[in-house]
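Here's the letter readout for the chains.
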Amino acid sequence: MQKIIKIFATLGVVSLAFVARGESSFNMTQGVTDISHRVYDLHMTILYICVAIGVVVFGVMFYSIVKHRKSSGAKAAQFHESTKVELLWTIIPFFILIAMAIPATTTLIEMEDNSKADITIKITASQWKWHYQYFDHDFGFFSLLATPSEQIKNKATKTTNYLLEVDRHLVIPVNKKVRFLITADDVIHAWWVPAFAVKQDANPGFINEAWTRVNEPGIYRGQCAELCGKDHGFMPIVVEVLSEVDYQQWLKGQLAQVARDKQAEQQALSSTVTLEESMLLGKTVYDGRCAACHQQNGQGIPGAFPAIKGSAIALGDVNAHIDIVANGKAGTAMQAFSAQLSSKELAAVITYERNAWGNDTGDVVQASDLVQSNANDSIIEKFDEKIVTPAVAEKIEPVARSGEAVYLAHCAACHQVTGAGIPGAFPALKGSPIALGDVSLHIIMVANGKPGTAMQGFKNQLTADELAAVITYERNAWGNDTGDTVVASDIESTVGGNK
Amino acid sequence: MTDATANNDQTLAADDHHGHQPPKGLMRWVLTTNHKDIGTLYLCFSFLMFLIGGAMAMVIRAELYQPGLQIVEPNFFNQMTTVHGLIMVFGAVMPAFTGLANWLIPMMIGAPDMALPRMNNWSFWILPMAFTILLSSLFMEGGGPNFGWTFYAPLSTTYSPDSTALFVFAIHIMGISSILGAINVVVTIINMRAPGMTYMKMPLFVWTWLITAFLLIAVMPVLAATVTMVLTDKYFGTSFFEAAGGGDPVLFQHIFWFFGHPEVYIMILPSFGIISAIVPTFSRKKLFGYSSMVYATSSIALLSFVVWAHHMFTTGMPVAAELFFMYCTMLISIPTGVKVFNWVATMWRGSLTFETPMLFSIAFIVLFTIGGFSGLMLAITPADFQYHDTYFVVAHFHYVLVTGAIFSIMAAAYYWLPKWTGHMYDERLGKIHFWCSLISVNVLFFPMHFLGLAGMPRRIPDYALQFADFNQLVSIGGFAFGLSQLIFLVVLVKCVRGGEKAPAKPWEGAEGLEWEMPSPAPYHSHTTPPEIK
C-alpha cells in the first residue's frame, strides 16, 4: 500500500512540474494581451489553491487509510458531531472563496469595458465561415477553412496547421484597442482566440461586444467554440497582427482590391463565357461553398440537405434557380449567396449545378442573366449595389457625407452598411417607408428609438448636428434619393433639445 | 400510521392465495407492482442503457483516436455525442437512482412497499418506450438528434433534422416517468415511515432522495416546456427562440439551464446518500455529522436554482449578472466541502476495511472532489471564457458524473447485492473490476483537462495536430474503461445465479433496517412495522 502511495505521489509531483512549466501543451496559454496574462494568472492561482486544499484533505484521508486499518489492529473511535469543527470547515473555505473572488471580479470588470475602441470590426458567423467587416473603412470579406479535403479524408499528408488555416486572415494592428461586434446569420457560433482570452457567442439577431489589444505582432489561431452543426469542427479563426505601418500598407492594398473587384464585376456583365469555362469555375465554387451540405456528388444528405442532382430546381426554370442561390430560402439552412460570391462566380456555380452529375440541361448562365433575371426584384437591386460604386453618390450634400461616418459607427451594426438590414432581424432602411416618408416620423424614430425593439433612442448619444447628418444620409443613400436635407434645428423643433 | 399498516396486512393476507412468492414468467415483470421487482427492472434497464450509451462513446473515441475523418461522418458524429449524452443522463444515471430508491427506500424506512405501486409500474414501463423512440430516430432519413444533448435553438429548431419531433416526444415521456417516480418517492417518505422513524432518523440515502425528488418535481416541467417550445418553433411557426419573429435564442439557454443545473444535482445528491451509508459501514464508526449532512444537502439543492447562468458566461450577459452567478456558484463549494470533510472525518480513527463498495466510495470521494475543483475553476468567469466549451468542461463533468454518480451507483450495487440476491458477489472479481475501472477512467478523463487548456473545443469530430497524442491516450483509456465494465456484467450475472450464501447483515459495521431482514429480502418486506430504536 505504501508503495502505491509513493507511486501516486511521484506522479502528482511530475504532473505538477509539467503544469508549473508555464507555456506548454498541458496548460492554458499565457497569450499576448494584458487581459490574457491576467486570466492566466487567475487560472494558476486558483489551480494552486485547489491543489493545496486537495493535498491537505486527501493527505488526511490517505493517512487514515494507511494508519487506521482494521488489518493493522485499529479500533474504531466513537466520536461524532462537533459544531465547532463544522463551523470551522464552513468558515475557512468562505474566506478562501473571498480571496479568489476579488481578483476575479477586477479582471472581469476590465474585460467587459468595451469603450474607447480605436478600430471596430464586425464579425458575422454563418454555417461554417466567418465574415469580417471593417467598419472604419467600409469593406469586408469571408474567411473559410483552407485545409484541403484530401487531408481531412486522409488521402494527403496533414500539414502543420491542419484545420487551423483559412483562405483570408483577419488582420488587425498591434497595440490598438480593437472592438469586435459579434453576431450570426443562422445558428449560434462562438468566436474564440485563446491567445487573446476572447471567447464570445455569436447569436443570430443580436450583437455581442468584445475587445482586445494585442501586444505582439504575429499569427494567432482559434476555432468556433459553440456546436453549430455538421462542420462545427471546420471553421477556424486566424488573426494576423501587424505593426501599424504594415497594417496601413495592408489596408491600402485591400481598398485597391475592392476597387478592382468592382471593376471585374462590371466587366463580367458584358462578357460571355463558354460552358467549359463556366463548369471549371463552377466546380471550384461548388466544392468550396455548396458541397458541405449538398455533397460533392450533388446527392445531398437525405432528410437533412436536399439533392441537386436530378432536382426540380436544377432541371427547372433558370430564374427560380438563380433566385434560390442568390437569395437563399427563408427558414432553412440555405443561405443567400449573392452577398458572398461575385456575379461571375454565381453564374458559374448555377451553370455547374445545371450540367453536372447528369443534370445536362445544357444551360449556360451568364453574369448578365442575373441582373436581367426577372425572377425576383431583390436580385436586381443586390447586383445594382455591387455596381454603383460609392454608397453615397456625389450629388448629395457634404452634410450627408458626415452622416455616413455617424451611420457606420452607430447604425450599420444592425441596419448594415448597405442599408439592407438583416431580413427578419433588423429592418432595411433602403426603400423603407420611414426613410422615404414623413421627415418628422423619421426624426422621432432615430431620436427616441422604438420601445420593445432593439432600436435605441440616439438623442442622448449623438449631437443634434450628428442626428441631422445621419438622418439626411439615410434619406439619400442607397438610392433613397429623397433629396431631403435635415438640419439641427429640425431635430430640436421635432423632439426638443438633447443633452 | 399503525392503522394503515394493519389494513395493509389484511390486504396482503387476502391476496395470499399465491403466497408471498411472485408469479412466474414474463407477465410477472410486465404487471408487477412490487417495489423490489420494479427496482430490479429499473436497474437492469439502466445497465442496458449504460452499455448502449457506452457503445456510442466508443464510436466517438474511435473517431477521435487520430486526426482526420476515418470511421464516421461529422453529421453522424454529432448524433453520437448527442444521443450518448441523452442516454447516459436520462437512461443510465437517473433510472439507476430510481431503481435504488425503489429497492431501498421502503426497506430503509420500514414501509411494506412504495405508496403508489400501480403508478410505479407505469413510470417504469413508459421508459423503454421513450428510449425506443429516441433510438429509432437514429435510423430515420436525415438521422437522429445532432444538436448536442443541450439542444440549443435555433440549431435544434430551424436547422435540425426531420426526426426532431421524435426527440421531443421521447424527452416528454422520460420527463413524465421522472415526475411520476419522484411523486412516488415523496409520498412514500412522507406517509409510510414506520412509527418512530422521524425525519432526522432517516438514513441519508432517504434524505438525499427526498430532496432530489423535490428538485425533479420542480424542474422536469421546465424541461417539458422547453422541448414543447422547440416543437412549436420547428413545426408550428412560433418564434420563442427565433430573433426574426421577436424571440431570443439566448432565452432558450436560460430556460434550459434553469432545468439543467438542478438536473446536475439530481444526478449527484443520491450519490451523497450512498457514500454516507457505505463510508461509516467500512470505517465501523458513525457518520461524523449527520445533521450537517442534511443541511448541506438542502443548501446545495436551494443554491442549484440560482446558478444556472454559469453555463452561459459567453452569451453576452451584463457584468452584474456575470458577477452574481459567479459568486453564487462559488458558494456551492462550501456545502459540498462540508460533505467531503465529513466523510474524511468519518474515516479518521475508524477501523477501516476495503471491500469493493468501500474502494468505489473512496475513489468517489477523491475523484468527485477533483471534479469539484475544476467546477470551482469554471465558476471564475474570466477564466471560464478560456475553459468554456472546451475539453476542460468535458473532463469536469465526466469526473462528476462518471467517477461521481456512476462510481457511487457501482458502490451501491456491490454494497446491497447480497441483500438483493442472497448471494455474496465475487470479491476478487469485484476488486479487479474496481482497479481496472479506476486506472482506465483516469487515463480516459484526466488528459482531457490538458486538451481543454491547450485549446481543443468540445463536440468536434476532427482536431488539429497538436492534440493528437493526448487524444490517442484518451481513446485507449476509453476502450479500457468500456471493456472493464464487462467484468461488472460478469460479477452481476454470477452473483444473481449463485455464490456464497449471504447472511442478513454481511457487513460488520452496517446499520439500518434493511440489514435486519433476511437476505435475499423477502418479496414483501416489513409487513408489520419494525421497531425503531
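Residues numbered from 1 in each chain as written. Chains lettered and ligands numbered in written order. Predicted model: local features only at pLDDT ≥ 70, side-chain atom pairs only at ≥ 80, totals over all residues. Heavy atoms only, no water.

## Examining the overall build of chain A
Next up, step 1: Assigned secondary structure in chain A consists of 17 helices and 10 strands.
Next up, step 2: The buried share of chain A, taken over its 499 residues, is 46%.
Next up, step 3: Long-range contacts, defined here as pairs at least 24 residues apart, represent 63% of the contacts in chain A between residues at least 6 apart.
Next up, step 4: Accessible surface for chain A amounts to roughly 22700 Å². Of this, 59% is attributable to carbon and sulfur atoms. (Helix = DSSP H or I, 4+ residues; strand = E, 2+ residues; numbered from the N terminus. Buried < 20%, exposed > 50% of the residue type's maximum accessible area, 1.4 Å probe, protein only. Contact = heavy atoms within 4.5 Å. Areas by Shrake-Rupley, 256 points an atom, 1.4 Å probe, with all protein chains shown as cover.)

## Observations regarding the overall build of chain B
Next up, step 1: In terms of regular secondary structure, chain B is built from 16 helices and 0 strands.
Next up, step 2: Relative to its length of 533 residues, chain B is compact, with a C-alpha radius of gyration of 23 Å against a globular reference of 24 Å.
Next up, step 3: Here chain B holds 533 residues, and the buried ones make up 68% of them.
Next up, step 4: The contacts in chain B between residues at least 6 apart in sequence include a share of 82% that link residues at least 24 apart.
Next up, step 5: Accessible surface, chain B: about 17000 Å² in total, of which carbon and sulfur atoms supply 69%. (Rg over C-alpha atoms; globule rule 2.2 N^0.38 Å.)

## Quick word on the interface of chain A and chain B
Next up, step 1: Facing 97 residues of chain A, the contacting portion of chain B comprises 100 residues.
Next up, step 2: Taken over both partners, the interface formed by chain A and chain B buries close to 8200 Å², and the fraction arising from carbon and sulfur atoms is 69%.
Next up, step 3: Ranking the residues of chain A by area buried against chain B places Trp89, Lys199 and Leu227 of chain A at the top, with a combined share of 8%.
Next up, step 4: Lys70 of chain A is the salt-bridge partner of Glu508 of chain B, the closest N and O atoms lying 2.9 Å from each other.
Next up, step 5: Where chain A meets chain B, there are 28 residue pairs in polar contact (both at pLDDT 80 or more).
Next up, step 6: Only helix H2 (34-67), helix H3 (83-111), strand S7 (198-202) and strand S9 (218-224) of chain A provide two or more residues apiece to the side of chain A that touches chain B.
Next up, step 7: No other element matches H2 of chain A, which puts 16 residues into the side of chain A that touches chain B.
Next up, step 8: For the side of chain A that touches chain B, the per-class residue count stands at 52 nonpolar, 30 polar and 15 charged. (Buried area = accessible area lost by both parts, 1.4 Å probe. Salt bridge = Lys/Arg side-chain N within 4 Å of Asp/Glu carboxyl O. Polar contact = N/O pair within 3.5 Å; in protein donor to acceptor, adjacent residues only side chain to side chain. Nonpolar A, V, L, I, M, F, W, Y, C, P; charged D, E, K, R; others polar.)

## Observations concerning unusual backbone geometry
Next up, step 1: Residue Trp128 of chain A follows Gln127 of chain A across a cis peptide bond; omega there is -5°.
Next up, step 2: Within the element layout of this structure, Trp128 of chain A appears in the loop between strand S1 (119-126) and strand S2 (129-134).
Next up, step 3: At the junction of Ala153 of chain B and Pro154 of chain B, the peptide bond is cis and its omega measures out at 0° in the coordinates.
Next up, step 4: Here Pro154 of chain B shows up in the loop between helix H5 (117-136) and helix H6 (164-191).
Next up, step 5: Phi angles above zero are rare outside glycine, and Gln295 of chain A is one such case at about 70°.

## Overview of a nonpolar patch on the surface
Next up, step 1: The grouping of Leu87, Ile91, Phe94, Phe95, Ile98 and Ile102 of chain A together with Leu331 of chain B at the surface amounts to a nonpolar patch, some 630 Å² of accessible area in total.
Next up, step 2: For the nonpolar patch, the leading source of residues is H3 of chain A, giving 6 residues.
Next up, step 3: Residue class for Ile102 of chain A comes out exposed when judged on its relative accessible area of 52%. (Patch = residues over 30% accessible without salt bridge, like charges linked within 9 Å, V, L, I, M, F, W, Y side chains within 5 Å.)

## Topic: the sheet that holds strand S10 (residues 236-242) of chain A
Residues and elements named next belong to chain A.
Next up, step 1: Reading across the sheet, the 5 strands line up as S4-S10-S9-S6-S7 and stay open at both edges, with mixed pairing between neighbours. Unpaired on one side and paired on the other, strand S4 (170-173) and S7 mark the two borders of the sheet. Sheet twist, expressed as the average angle between the axes of neighbouring strands with direction ignored, equals 25°.
Next up, step 2: Helix H5 (residues 244-270) rests against S4 and S10 of the sheet, and its axis sits at about 135° to S4. (Pairing = 2+ DSSP bridges. Axes fitted to C-alpha atoms, helices over the stretch in contact; angles between N-to-C directions.)

## A look at the side chain of Ser283 of chain B
Next up, step 1: Mapping Ser283 of chain B onto the fold places it in helix H9 (residues 269-283).
Next up, step 2: Of the residues examined, Ser283 of chain B reaches a relative accessible area of 0% and is grouped as buried.
Next up, step 3: Ignoring any residue separated from it by four or fewer positions in sequence, one finds Ser283 of chain B in contact with Ala76 of chain A together with Thr346, Met347, Gly350, Ser351, Leu352 and Met358 of chain B.

## Details of the domain arrangement of chain B
Residues and elements named next belong to chain B.
Next up, step 1: Structurally, chain B comprises domain 1 (37-219) and domain 2 (268-519).
Next up, step 2: Taken over C-alpha atoms, the centre of domain 1 sits 18 Å from the centre of domain 2.
Next up, step 3: At the interface, 46 residues of domain 1 touch 53 residues of domain 2.
Next up, step 4: With both chains or domains summed, domain 1 and domain 2 bury close to 4200 Å², and 77% of this area falls on carbon and sulfur atoms. (Domains from an automatic or database assignment.)

## As for the side chain of Thr212 of chain B
Residues and elements named next belong to chain B.
Next up, step 1: Mapped onto the secondary structure, Thr212 falls in helix H7 (residues 204-235).
Next up, step 2: Judged by relative accessible area, which is 1%, Thr212 ranks as buried.
Next up, step 3: In this view, Thr212 contacts Ile266, Leu269 and Pro270; residues no more than four positions away in its chain are not counted.

## Quick word on the packing of helix H16 (residues 464-476) of chain A against helix H17 (residues 488-495) of chain A
All names here are of chain A.
Next up, step 1: At a minimum axis distance of 8 Å, the contact between H16 and H17 shows a crossing angle of 100°. One finds that H16 runs roughly perpendicular with respect to H17. Touching Ala464, Asp465, Leu467, Ala468 and Ile471 of H16 are Ala488, Ile491 and Glu492, all from H17. (Parallel < 35°, antiparallel > 145°, perpendicular 65-115°, else oblique.)

## Some words on the pairing of strand S5 (residues 178-184) of chain A
All names here are of chain A.
Next up, step 1: Counting buried positions along S5 gives 7 out of 7 residues, so the element sits mostly inside the fold.
Next up, step 2: Burial along S5 is two-sided: the face carrying Val178, Phe180, Ile182 and Ala184 and the face carrying Arg179, Leu181 and Thr183 are both buried.
Next up, step 3: Inspection of the sheet shows S1 paired to S5 by 7 bridges, in the parallel sense. By the bridge assignment, Ala125 is partnered in S5 with Ala184.
Next up, step 4: Note that S5 and strand S8 (residues 208-212) share 5 bridges and pair antiparallel. Within S8, the residue paired with Leu181 across the bridge is Glu209.

## Some remarks on the sheet that holds strand S3 (residues 139-143) of chain A
All names here are of chain A.
Next up, step 1: As summarised here, the arrangement of the 5 strands in space is S3-S2-S1-S5-S8, forming an open sheet in which the pairing is mixed. The open sheet terminates on both sides in strands that have one partner only, identified here as S3 and S8. In this sheet, adjacent strand axes meet at a mean angle of 25° when their direction is disregarded.
Next up, step 2: Two strands pair when backbone bridges link them, and S1 and S2 are joined in this way by 6 bridges, in the antiparallel orientation. The residue of S2 that forms the bridge with Lys122 is Gln133.
Next up, step 3: Sheet contacts for H5: S1, S2 and S3; angle to S3, the most-contacted strand, approximately 90°.

## Examining the nonpolar core
Nonpolar side chains in soluble globular proteins tend to be buried together.
Next up, step 1: One finds Ile121, Tyr132, Tyr134, Trp191 and Phe196 of chain A together with Phe90 and Phe131 of chain B to be the most contacted residues of the largest nonpolar core, which totals 274 residues.
Next up, step 2: Counting residues per element, this core draws most heavily on helix H14 (residues 391-421) of chain B, at 22 residues.
Next up, step 3: When near neighbours in sequence (up to four residues on either side) are disregarded, Phe90 of chain B contacts Pro95, Phe131, Trp149, Ile171, Met174, Met220, Leu223, Phe259 and Glu263 of chain B.
Next up, step 4: Grouped together as the second largest cluster of nonpolar side chains are 25 residues, Leu408, Ala468, Trp478 and Val486 of chain A included. (Core = buried A, V, L, I, M, F, W, Y, C linked by side-chain atoms within 4.5 Å.)

## What to know about the packing of aromatic side chains
Residue and element names in this part refer to chain B.
Next up, step 1: As enumerated under the stated definition, the model contains 70 aromatic pairs over all chains in all.
Next up, step 2: Here the aromatic rings of Tyr199 and Trp207 are separated by 6.3 Å at their centres, their planes lie at 50°, and the arrangement is tilted.
Next up, step 3: The exposure class of Tyr199 is partly exposed, given its relative accessible area of 32%.
Next up, step 4: Ring centres 5.9 Å apart and planes at 45° place the aromatic pair Phe258 and Phe305 in the tilted group. With Phe258 in helix H8 (residues 249-266) and Phe305 in the loop between helix H10 (290-303) and helix H11 (319-347), this pair connects stretches of sequence that are 47 residues apart. (Phe/Tyr/Trp six-rings, centres within 6.5 Å; stacked < 30°, edge-to-face > 60°.)

## Comments concerning the environment of Leu438 of chain B
All names here are of chain B.
Next up, step 1: On the secondary structure map, Leu438 appears in helix H15 (residues 427-454).
Next up, step 2: Overall, the relative accessible area of 11% leaves Leu438 in the buried class.
Next up, step 3: Sequence separation of Leu438 and Leu359 is 79 residues, and the distance between their C-alpha atoms is 9.6 Å.
Next up, step 4: Ignoring any residue separated from it by four or fewer positions in sequence, one finds Leu438 in contact with Ala363, Leu367 and Phe407.

## With respect to the environment of Cys436 of chain B
Residue and element names in this part refer to chain B.
Next up, step 1: Looking at the secondary structure, you find Cys436 in helix H15.
Next up, step 2: Sequence separation of Cys436 and Gly509 is 73 residues, and the distance between their C-alpha atoms is 27 Å.
Next up, step 3: Residues within four places of Cys436 in sequence aside, it is in contact with Ser484 and Ile487.

## What to know about H11 of chain B
Every α-helical turn comprises 3.6 residues, leaving residues that sit three or four positions apart pointing alike.
Next up, step 1: With 29 residues, H11 of chain B ought to run about 42 Å at 1.5 Å a step, and its terminal C-alpha atoms sit 43 Å apart, in line with that.
Next up, step 2: Of all 29 residues in H11 of chain B, 23 are buried, a share of seventy percent or more. (Expected span 1.5 Å × (residues − 1).)

## Some thoughts on the confidence of the model for chain B
Residue and element names in this part refer to chain B.
Next up, step 1: With 96% of its residues at a pLDDT of 70 or more, chain B has an overall mean of 93.
Next up, step 2: Counted against residues more than four places away or in other chains, residues 1-19, with its pLDDT under 50, gives 11 contacts.
Next up, step 3: Prediction confidence for the complex, expressed as pTM and ipTM, is 0.83 and 0.90 respectively. (pLDDT = per-residue confidence, 0-100.)

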